[in-house]
Amino acid sequence: MTILINPRDGNQIEFVLRRLREDEAVALPTETVYGLAARALSTRALARVFELKARPTFDPLIVHVLDWEQLESLQLVEGYTPVHQKLTRAFWPGPLTLLFQKSQRVPDLCTASTPYVALRAPSHPVFRKILENLKEPLAAPSANRFKSISPTCAQDVVDELGPFGLVAVVDGGVSSKGIESTVVKVLSNDQIEIVRQGAISQEDLISCLGASTRVLVRKSGSGAVLPKEHEAPGQSAIHYAPKKPLYLLNEDEVVAFLNNSSWTQVALLEIFPSHIQHPAIRRRECLSPSRFWSEAAARLFATMRLLDRDPRIDVLLAVRCSSEQLGAAILDRLERAAQKH
Ligand code: TXA
Ligand code: MG
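Just so it is clear, the model here is predicted, and its values are computed rather than measured.

> So what's going on with the confidence of the model for the chain? Residues and values would help.
Across the chain, pLDDT averages 94, with 95% of residues at or above 70. Of all secondary-structure elements in the chain, the lowest mean pLDDT belongs to helix H3 (residues 68-74), at 87, while strand E2 (residues 26-28) reaches the highest, 99. Confidence over residues 223-233 falls short of pLDDT 50; this stretch has 22 contacts with residues more than four positions distant or in other chains.

> Give a description of helix H8 (residues 202-209) that names residues and reports values.
Along H8, the residues classified as buried are Leu205, Cys208 and Leu209. One face of H8 carries all of its buried residues, which in axial projection span an arc of 85°. Against the buried residues of H8 lie helix H4 (82-91), strand E6 (96-102), strand E10 (182-188) and strand E11 (191-196). Gly210, located one to two residues past H8, shows a positive phi value of around 105°.

> Can you explain the packing of helix H10 (residues 293-309) against helix H11 (residues 327-337)? Please cite residues and give values.
Following both chains from N to C, one finds H10 and H11 inclined at 20°, their axes separated by 9 Å at the closest point. With respect to their mutual orientation, H10 and H11 come out roughly parallel. In this structure, H10 crosses over H11, and the sense of that crossing is left-handed. Along the contact surface, H10 presents Trp293, Ala296, Ala297, Leu300, Phe301 and Met304, while H11 presents Gly327, Ile330, Arg333, Leu334 and Ala337. The residue inventory of the contact of H10 with H11, partitioned by class, reads nine nonpolar, one polar and one charged.

> An account of the side chain of Lys102 is requested, with residue identities and associated values reported.
Mapped onto the fold, Lys102 is located in strand E6. In terms of polar contacts, Lys102 uses its side chain to reach the side chain of Asp108, at 3.3 Å. Apart from residues lying up to four places away in sequence, Lys102 is in contact with Leu76, Glu78, Asp108, Thr111, Thr114, Pro115, Tyr116 and Val117.

> Describe the pattern of salt bridges, and please don't skip the residues or the numbers.
Under the defined criterion, the tally for this structure stands at 21 salt bridges. Where Arg55 meets Asp59, a salt bridge forms, and the shortest distance between an N and an O atom there is 3.0 Å. You'll find Arg55 and Asp59 in the same group, each marked buried. Here Glu335 ties to Arg320 by a salt bridge, and the two come within 2.8 Å at their closest N and O atoms.

> Explain the pairing of E10 to me, using residue names and the numbers behind them.
Burial within E10 is extensive, with five of its seven residues counted as buried. The sheet contact formed by E10 and E11 spans five bridges and is antiparallel. When the bridges of E11 are listed, Val184 appears paired with Ile194. Between E10 and E11, which follow one another and run antiparallel, lie two residues.

Conventions used here
- Residues numbered from 1 in each chain as written.
- Chains lettered and ligands numbered in written order.
- Predicted model: local features only at pLDDT ≥ 70, side-chain atom pairs only at ≥ 80, totals over all residues.
- Heavy atoms only, no water.
- pLDDT = per-residue confidence, 0-100.
- Helix = DSSP H or I, 4+ residues; strand = E, 2+ residues; numbered from the N terminus.
- Contact = heavy atoms within 4.5 Å.
- Buried < 20%, exposed > 50% of the residue type's maximum accessible area, 1.4 Å probe, protein only.
- Arc of directions from axis to C-beta.
- Axes fitted to C-alpha atoms, helices over the stretch in contact; angles between N-to-C directions.
- Parallel < 35°, antiparallel > 145°, perpendicular 65-115°, else oblique.
- Left-handed = near helix turned anticlockwise from the far one by under 90°.
- Nonpolar A, V, L, I, M, F, W, Y, C, P; charged D, E, K, R; others polar.
- Polar contact = N/O pair within 3.5 Å; in protein donor to acceptor, adjacent residues only side chain to side chain.
- Salt bridge = Lys/Arg side-chain N within 4 Å of Asp/Glu carboxyl O.
- Pairing = 2+ DSSP bridges.

Structure below.
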């Protein structure tokens, strides 16, 4: 039985700190999605994370620190540049993860034996309180089983990892961003690579670094960090997948798709409102009726879970949105959840 922890109860937080110090993994809220946290500098604690998630060890973990000061004092990284500093000043604490050259102190298991460690400073007050008390960094992948949908509330975590022996989840409410952090690698003074699209858009990064900055975007499924035969699951083609089939279609393809298929219990998942009508559509969920990207991103995973649970629904049809702003991160998740057709 997973214990639901109330973050306002000092004794319960003490329990969480104790379990973490004993190299146990505990689920914690972040502003992006819930994370399965464990001591980043302990190989034993990291192994527990991989085991609970059934995650292959070739997929590296993100390390969470309190702030730039903690990052420097722990001497986890080498070779940080003015660009790293500019980005952390603009976006920390918050949903930006940066790749740094790792020092000896970071276990190879954490970085999938690559020379880079991914670091971010979360802004969620509960996660920060834990980091402050622990005085050491926590590795935390999203608190879901491998390839499943990331959890954005404590109950989603219990559903995902409870059956596999998760000890506790700290209930910090609903994650406000609802989509994972953006992972960035600094390539040079005027060139960065988006390794994973996320809650900070390419437009946000450019407005911080200047319009002359070149931004490369790593293609999902390229598996560039890892051996070709093992794509990084964070980057892999199938990920964020509901149990029911999900198709991603352009708005003008939906009616023809339904006319040519035998699906009769269809849920339509729209990012913004559309005019699509078809008798097979039994339920429609629009992520942001007023067309706000942040609202759409915040509701994406929770809505996918909701439709996946609805017994009246056999299939999810997501309607493609534009790739500007957070549309890029939303499309990345939907593309990886979708069936090829
Ligand atoms: O918002 C987030 O980032 C959440 C919360 C809990 O902080 N965490 C998260 O972790 O999304 P996870 O493990 O589900 O995704 C981590 C991804 C990897 O799959 C990979 O794409 C990238 O981050 N990553 C991590 N370390 C890396 C490295 N050393 N080199 C390249 N990519 C890395
Ligand atoms: Mg994940």
